[in-house]
Amino acid sequence: LLRGDRFVEYVANDHLAELVSRASGHLGELTGGRYGLELDEELAFAVRDEDAGGAQRPIHTLSGGESFLTALALALALSTKVQERSARPLGFFFLDEGFGTLDPEALERVMSAIERLRDGSRLIGLISHVPAIRERVPRYLWVNPPTGGAGSTLEMRDN
């Protein structure tokens, strides 16, 4: 076990399993209990589909919105792990687009989960063109497109 790269591989696999376990919890929350995340026999990501009796299926079988939710679950798990291991809290987390692929019910679950993550010590920035998101956040940065040869301008707006 301690020869060559086997020890490094063992530690990396242990961290990966922990990350997938955390992400699976987030994914379950984001999908209303429908999906969980697992590792298959080759340590690749797979989805556990509770609507199909808990059957495992390849990640590439997910729709665009489901893929976004899975990526979000992994990002949230990774962010939490980085925060725990950091000597100083990073205090910020940005999510870029993908929200437009969600149906209204999924968007509600995602926004509710994100709102629960705001704990006063972490800033969560969302980059999106979806009006329903802008309506849910307390403060946002509005980007005005360039006009007449001038560059874009920015405005901080409150809801």
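The shown structure was predicted, so the numbers you read here are calculated from the model rather than taken from an experiment.

Caption draft 1: Representation of a nonpolar patch on the surface. Together, Phe-92, Phe-94, Leu-123 and Ile-127 make up a nonpolar patch on the protein surface, roughly 420 Å² of accessible area in all. Within the element layout of this structure, Phe-92 appears in strand 4 (residues 92–96).

Caption draft 2: Expanded view of helix 1 (residues 6–30). Between its first and last C-alpha atoms helix 1 spans 35 Å; for 25 residues at 1.5 Å apiece the expected length is 36 Å, and the two agree. Turning to helix 1, its buried residues are Leu-19, Val-20, Ala-23, Ser-24, His-26, Leu-27, Gly-28 and Leu-30. Following helix 1 by one or two positions, Gly-32 adopts a phi angle in the positive range, close to 65°.

Caption draft 3: Here's a closer look at the sheet that holds strand 1 (residues 35–39). An order of 1-2-3 is seen for the 3 strands of this open sheet, with the pairing classed as antiparallel. Only two strands of the sheet have a single partner each, and these edge strands are strand 1 and strand 3 (55–58). Taken pair by pair, the neighbouring strands of this sheet meet at an average axis angle of 40°, ignoring direction. Two elements, strand 2 (residues 45–49) and strand 3, share 4 bridges in a ladder whose sense is antiparallel. Across the sheet, the residue bridging to Ala-46 is Pro-58, located in strand 3. Of the strands in this sheet, strand 1 and strand 2 are in contact with helix 1, which crosses strand 1 at around 170°.

Caption draft 4: The arrangement of the side chain of Ser-24 in detail. Residue position: Ser-24 is located in helix 1. Taking the relative accessible area as the measure of exposure, Ser-24 reaches 12% and is therefore buried. Setting aside residues no more than four positions away along its own chain, Ser-24 makes contact with Tyr-35, Gly-36, Leu-37 and Arg-48.

Caption draft 5: How the structure looks around the pattern of salt bridges. In total, this model carries 12 salt bridges according to the counting rule given. Notably, a salt bridge pairs Arg-136 with Glu-108, separated by 2.6 Å at the nearest N-O pair. Residue Arg-136 is found in helix 4 (residues 131–136), and its partner Glu-108 is found in helix 3 (residues 104–117); the two are separated by 28 residues along the sequence. Overall, Arg-136 belongs to the partly exposed group, its relative accessible area being 26%. Residue class for Glu-108 comes out partly exposed when judged on its relative accessible area of 40%. Each of Arg-34, Asp-49, Asp-51, Arg-57 and Glu-66 takes part in salt bridges that share partners, so that together they form one network.

Caption draft 6: Molecular detail of the packing of aromatic side chains. Scanning all chains against the criterion turns up 2 aromatic pairs. Measuring from centroid to centroid gives 5.1 Å for Phe-68 and Phe-99, while their planes differ by 65°, and the two rings are edge-to-face. Here Phe-68 is found in helix 2 (residues 64–85), whereas its partner Phe-99 is found in the loop between strand 4 and helix 3, with 31 residues between them in sequence. What makes Phe-68 buried here is its relative accessible area of 15%. By relative accessible area, Phe-99 is classed as buried at 1%. A ring pair is formed by Tyr-140 and Trp-142, whose centres lie 6.4 Å apart and whose planes are at 70°; its orientation type is edge-to-face. Assessed through its relative accessible area of 28%, Trp-142 is described here as partly exposed.

Reading the values: rules and limits
Residues numbered from 1 in each chain as written. Predicted model: local features only at pLDDT ≥ 70, side-chain atom pairs only at ≥ 80, totals over all residues. Heavy atoms only, no water. Patch = residues over 30% accessible without salt bridge, like charges linked within 9 Å, V, L, I, M, F, W, Y side chains within 5 Å. Areas by Shrake-Rupley, 256 points an atom, 1.4 Å probe, with all protein chains shown as cover. Salt bridge = Lys/Arg side-chain N within 4 Å of Asp/Glu carboxyl O. Helix = DSSP H or I, 4+ residues; strand = E, 2+ residues; numbered from the N terminus. Expected span 1.5 Å × (residues − 1). Buried < 20%, exposed > 50% of the residue type's maximum accessible area, 1.4 Å probe, protein only. Pairing = 2+ DSSP bridges. Axes fitted to C-alpha atoms, helices over the stretch in contact; angles between N-to-C directions. Contact = heavy atoms within 4.5 Å. Phe/Tyr/Trp six-rings, centres within 6.5 Å; stacked < 30°, edge-to-face > 60°.

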